[in-house]
Amino acid sequence: MTALRLFDTHCHLQDSAFDPDREEAYLRAQQAGIGLILAGWDQESSARGVAFAQQHRNCWAMVGLHPHDAKAWEAHWPEQLARWVRQPKVVAIGEIGLDFHYLHSPKAVQEEVFRAQLDLARQWDLPVSIHSREAEAETLAALDEFPGIRGVLHCFTGGPAFARALLDRGLFISFSGIVSFANAAEIRAAARMVPWDRLLIETDAPYLSPRPWRGQRNEPMRVVRVGEVVAEEKNVAPEEVFRHVVANTLQVFPLILTDAKNWQD
Ligand SMILES: [Zn+2]
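Residues numbered from 1 in each chain as written. Predicted model: local features only at pLDDT ≥ 70, side-chain atom pairs only at ≥ 80, totals over all residues.

Attention now moves to the overall build of the protein. What the protein contains, in helices and strands, is 11 helices and eight strands. Taken over C-alpha atoms, the radius of gyration comes to 17 Å for the protein, in line with the 18 Å a tight globule of 265 residues would show. Dimensions of the protein, computed from the C-alpha atoms along their principal axes, are close to 45 × 40 × 35 Å. Burial statistics for the protein: of 265 residues in total, 48% are counted as buried. (Helix = DSSP H or I, 4+ residues; strand = E, 2+ residues; numbered from the N terminus. Rg over C-alpha atoms; globule rule 2.2 N^0.38 Å. Buried ≥ 20, exposed ≤ 12 C-beta atoms within 10 Å, placed from the backbone.)

A word on the nonpolar core. Counting residues in each nonpolar core, the largest one holds 77 residues, and the members touching the most others are Leu13, Ile37, Leu38, Met62, Ile93 and Ile173. By residue number, the principal contributor to this core is strand β4 (residues 90-99), which donates six residues. Excluding residues within four positions of it along the chain, Ile37 makes contact with Phe7, Asp8, Thr9, His10, Trp60, Met62, Val91 and Phe253. (Core = buried A, V, L, I, M, F, W, Y, C linked by C-beta atoms within 7 Å. Contact = placed C-beta atoms within 7 Å.)

In helix packing, the relevant descriptors are the interaxial angle and the interaxial distance, both defined with respect to the helix axes. Running from N to C, helix α8 (residues 223-234) and helix α9 (residues 238-252) point in directions that differ by 110 degrees, and their axes come no closer than 8 Å. For the element pair α8 / α9, the angle class is roughly perpendicular. α8 and α9 meet at a crossing whose hand is right-handed. Facing Gly227, Glu228, Val230, Ala231 and Lys234 of α8, the residues of α9 in contact are Pro238, Glu240, Val241, Phe242 and Val245. (Axes fitted to C-alpha atoms, helices over the stretch in contact; angles between N-to-C directions. Parallel < 35°, antiparallel > 145°, perpendicular 65-115°, else oblique. Left-handed = near helix turned anticlockwise from the far one by under 90°.)

Here we take up the pairing of strand β3 (residues 59-63). Of all five residues in β3, five are buried; the element is thus mostly enclosed. Of the two faces of β3, the one holding Cys59, Ala61 and Val63 and the one holding Trp60 and Met62 are both buried throughout. Chirality of the crossover, the property in question, places the unit of strand β2 (residues 34-39), helix α2 (residues 43-55) and β3 among those that are right-handed. Here β3 pairs with β4 via three bridges, running parallel. Of the residues in β4, the one forming a bridge with Val63 is Ile93. (Right-handed = clockwise from strand over helix to strand, strands pointing away. Pairing = 2+ DSSP bridges.)

Looking now at helix α7 (residues 185-193). Residues Ile187, Ala190 and Ala191 constitute the buried set of α7. Down the axis of α7, the sector holding all buried residues measures 105 degrees, keeping them to one side. Pointing more than 90 degrees away from the buried face of α7 are the exposed residues Ala185 and Arg192. Where the residues of α7 are buried, they touch α6 (160-168), β7 (172-175) and α8. (Arc of directions from axis to C-beta.)

Turning next to unusual backbone geometry. For residues that are not glycine, phi is negative in most cases, and the peptide bond is trans in most cases. With an omega of 15 degrees, the peptide bond between Ala205 and Pro206 qualifies as cis. On the secondary structure map, Pro206 appears in the loop between β8 (199-201) and α8. Along the chain, Arg211 connects to Pro212 via a cis peptide bond; the corresponding omega equals 10 degrees. One can find Pro212 in the loop between β8 and α8. Positive phi, close to 60 degrees, is recorded for Asn58, a residue that is not glycine. The topology assignment puts Asn58 in the loop between α2 and β3. Residue Asn58 is classed as buried on the basis of its C-beta count, with 21 C-beta atoms lying within 10 Å.

Right under this line is the structure:
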């Protein structure tokens with residue numbers, strides 16, 4: 001039904017790192033048959049992601065406040081999110097979550113803002129894209145307060161036990177270029193055990209270029225390389241991974257399908 005071969009299910013093409021060549025990076029992904037989901041991290045990036053998605057085919061957006069920026073949460077945020085999610089091409093709330101590594105926002109604020117956005121997503125029946133760093137137990141505890149929440153743990157950096165706990169709660173698991181790093185044996189072990197119907201991949205561009213480009217600015221077309229690494233771990237051809245990722249992306253972000261004129265050739 002579609003010309004799309006693969007999705008980059010989480011990237012930040014609206015980031016200033018793409019100011020010199022955003023359209024070219026988008027076109028490189030289009031030529032490779034890759035659909036994009038742009039994740040917001042604050043007010044401006046969410047607005048820019050929505051605008052870009054609305055102006056480009058095979059491109060969708062999610063809106064939300066990242067744990068790094070949680071201290072920017074104010075009373076107007078629920079209203080702002082409500083306005084965005086009524087617009088075309090907005091398919092999820094994200095990225096949201098907990099990051100206890102950098103602590104750019106205090107833990108208690110992150111916990112509160114994460115829950116506020118989980119609550120809104122569930123009210124609106126929208127999936128979430130979750131960032132979790134050094135906060136596995138706290139992430140699971142928050143999820144348990146919102147049974148039935150749908151979504152993805154993006155840029156998975158845990159091991160098989162955390163993956164199992166997320167799968168048990170119904171979440172999808174998305175691997176980034178980190179899965180290719182030399183010191184990522186636990187993440188590769190998780191990639192081997194995640195079942196086909198819960199597996200996603202992403203770039204998180206401009207961050208986290210896979211090998212052999214580690215350290216360079218990442219871009220959406222490199223999601224192909226992430227898929228190749230996952231395929232090696234699962235001992236299948238890359239196209240097999242891509243096929244499942246397309247099906248799973250439509251499963252977890254079903255609003256993509258309501259946007260038929262942007263989806264079908
Ligand atoms: Zn991200």
